[in-house]
Amino acid sequence: YVALWIHSQNGIKNWPGGPENLQKNWLREFYQVLHAHKPHFMALHCQEFGGKNYEASMSHVDKFVKELLSSDAMKEYNRARVYLDENYKSQEHFTALGSFYFLHESLKSIYQFDFKAKKYKKVTGKEIYSDTLESTPMLEKEKFPQDYFPECKWSRKGFIRTRWCIADCAFDLVNIHLFHDASNLVAWETSPSVYSGVRHKALGYVLDRIIDQRFEKVSYFVFGDFNFRLDSKSVIETLCTKATMQTVRAADTNEVVKLIFRESDNDRKVVLQLEKKLFDYFNQDVFRDNNGTALLEFDKELSVFKDRLYELDISFPPSYPYSEDSSQGEQYMNTRCPAWCDRILMSLSAKELVLKSESEEKVATYDHIGPNVCMGDHKPVFLAFRIAPGAGKPHAHVHKCCVVQ
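Computed from a predicted model, the values in this text were never measured in an experiment.

> Even after reading the chapter, I still don't get the overall build of the protein chain, so can you show me in this structure?
Of the regular secondary structure elements, the protein chain holds eight helices and 18 strands. Looking at the protein chain as a whole, 56% of its 405 residues qualify as buried. Nonlocal contacts in the protein chain, meaning residues at least 24 apart in sequence, comprise 71% of its contacts between residues at least 6 apart. Surface exposure of the protein chain reaches about 17,700 Å², of which carbon and sulfur atoms provide 49%.

Okay, structure coming up:
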C-alpha cells in the first residue's frame, strides 16, 4: 500500500488575481504529485485555513473542499474524511486546522479509531465535519494554552489527531501548528532563541499527549507547520562574518528598531538589514543553492527530540517565506530568514514502518511541491512511502484492529 502524507500552510493573504488563481495553481501541482505516486491512502494536513482574514475567506475554503472531493483527479478515491476547524467565533477552541484523508477504491479494509468508544470503525463513504469538531469522537483536537505564547493576543496554534488501521498496522496522524517568531530582533538576541523554547514546550506537550495512558500506544506521524527556524544568532554571524554592525534606535524610546550589517571594506556595502519583520540579505542564492543544504547545520530545533522523533533527510530548499507574487515562484520574501518550517516527522516505530521494504526499489520520497510555482508563502511538503502488507502483524494483538464495529 502506498501512503502519501502532505502538509500545506494554506493561508491566503494578498494574492494577485484572487484566491481562485492560487487554488488553481495549488491543485494542479498537488494533482501532479498524486498522479506520480498513486497512493492508496492519502493524508493532507493544512494550517491557517481561510488565511489571516478567515471571516471573509471561509467561502473559499468551502470551494476548495468541493473541488477536491469532486475533481476528476480524485475520482478513484471513493472514501474520504474531511475535518475543518472553521468555528472562528469560538476563541477558546479555534485552530484553523484542516485534515483531509482519502482512500483509494482498491484499498479493501481500512478502519478509523473512535476515541470515545475506544473501538475501530470501518471507513465507508465520504464525510465532512466542520464548525464544532469538539463533538466528533473520531479525532482529538486541542488549542495550546494562551500562556504558552502570551505576546500573541489570540493564537490559533494547536493540533488535531486521528488514528487509523490499515493492513493490521495502526498509526496516529497528527496535524500540528506551532508558534512563530514574532520578531527577528528578539530571535537574534539568544541562541537558542526564546521562540525556539516556546516551540519545544508545545511540541513536547503534543508528544506526551499522544502517548499517554488513555489509549494503546501506536506508531505516529506528526506533520504540519512546526515553524522551526534556523538559529538566528549563528546564521547571521556566519552570513555576516566580515561585516560590522550598526544599531539604529527609536528616538523616543531608545529601543533597538534596526540592525545594519555592512562589509568592513568594499565601500561599506550593506550585507543584511534586520528589523522586527525585515530580514533583507543581499544574496538570496545562499538559501537556494544546492537546496540550501549549507544552512542545515543551523536547523537545530529538532535535535532536542532526537530520541523521540525521526525525519528523512531534507533535500529541498527552505519552505518559507516565499513571495506571494504569482510571477515569482522561486523568490523568498525579505520578511524572515528562510527556514524549513514545514516538516513530516515520525516516531521511531513509524520509521521502521517507512523504511522496511521487501524490495530494493526506492522506499520513500520526502520533497516539496511546486518548486517553480507560487503556492502561497509556504511550499507544501510531502512524504510518499510503501507499507508492506502485514507490516504491523507482529503487533496486531496490541493494536486490537480486529475490534471493529
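> Explanation requested: empty space enclosed by the protein in the structure shown.
Think of a ball as big as a water molecule: rolled over the atoms, this probe shows where empty space is left. Evaluation of the coordinates by the stated rule reveals two cavities of 30 Å³ or more. Of the volumes computed, that of the second largest cavity is approximately 100 Å³. Forming the boundary of the second largest cavity are 15 residues, of which Asp 181, Asn 184, Ala 187, Ser 232 and Cys 337 lie nearest the centre. The greatest single-element share of the lining of the second largest cavity, amounting to three residues, is contributed by helix H5 (residues 232-239). In terms of residue class, the lining of the second largest cavity is built from ten nonpolar, two polar and three charged.

> What's the story with the side chain of Thr 162 in this structure? I'm lost.
Looking at where Thr 162 falls in the secondary structure, it is placed in strand E9 (residues 158-166). Of note is the side chain of Thr 162, whose polar atom sits 2.8 Å from the side chain of Trp 164.

> I would appreciate a short explanation of helix H4 (residues 194-210) in the present structure.
Residues separated by three or four positions in an α-helix point in the same direction, a consequence of the helix having 3.6 residues per turn. Spanning 17 residues, H4 covers 25 Å between terminal C-alpha atoms, matching the ideal 24 Å at 1.5 Å per step. Looking only at H4, the buried set comprises Tyr 195, Ser 196, Val 198, Arg 199, Ala 202, Leu 203, Gly 204, Val 206, Leu 207 and Ile 210. Each element contacted by the buried residues of H4 is listed here: E9, strand E10 (169-177), helix H3 (184-187) and strand E11 (219-225).

> Teacher, can you tell me more about the sheet that holds strand E7 (residues 126-129) here?
The strands making up a sheet are joined through hydrogen bonds of the backbone, oriented either antiparallel or parallel. Strand order across the open sheet formed by seven strands is E7-E3-E4-E2-E1-E18-E17, with mixed pairing between neighbours. Both edges of this open sheet fall to E7 and strand E17 (364-368), since each of them pairs with a single strand only. When strand polarity is set aside, the average angle formed by the axes of neighbouring strands in this sheet is 10°.

> Can you help me understand the packing of aromatic side chains in this one?
The description of an aromatic ring pair rests on the distance of the ring centres and on the angle between the ring planes. Inspection of every chain in the model, using the stated rule, returns 35 aromatic pairs. On the numbers, 5.8 Å between centres and 85° between planes, the contact of Trp 188 with Phe 261 is edge-to-face. Taken together, the residues span a long stretch of sequence, with Trp 188 in the loop between H3 and H4 and Phe 261 in strand E13 (residues 256-263) at a distance of 73 residues. Judged by its relative accessible area of 5%, Phe 261 falls in the buried class. Grouped by ring-pair contacts, the aromatic residues Trp 5, Phe 41, Tyr 83, Tyr 101, Tyr 129, Trp 164, Phe 171, Phe 221, Phe 223 and Phe 385 constitute a single cluster.

What counts, and at which threshold
Residues numbered from 1 in each chain as written. Predicted model: local features only at pLDDT ≥ 70, side-chain atom pairs only at ≥ 80, totals over all residues. Heavy atoms only, no water. Helix = DSSP H or I, 4+ residues; strand = E, 2+ residues; numbered from the N terminus. Buried < 20%, exposed > 50% of the residue type's maximum accessible area, 1.4 Å probe, protein only. Contact = heavy atoms within 4.5 Å. Areas by Shrake-Rupley, 256 points an atom, 1.4 Å probe, with all protein chains shown as cover. 1 Å grid on protein atoms, 1.4 Å probe; cavity = no way out; pocket = protein on both sides within 12 Å on 5 of 7 lines; lining within 4 Å. Points joined across faces, edges and corners; volume = space filled by probe spheres on them. Nonpolar A, V, L, I, M, F, W, Y, C, P; charged D, E, K, R; others polar. Polar contact = N/O pair within 3.5 Å; in protein donor to acceptor, adjacent residues only side chain to side chain. Expected span 1.5 Å × (residues − 1). Pairing = 2+ DSSP bridges. Axes fitted to C-alpha atoms, helices over the stretch in contact; angles between N-to-C directions. Phe/Tyr/Trp six-rings, centres within 6.5 Å; stacked < 30°, edge-to-face > 60°.

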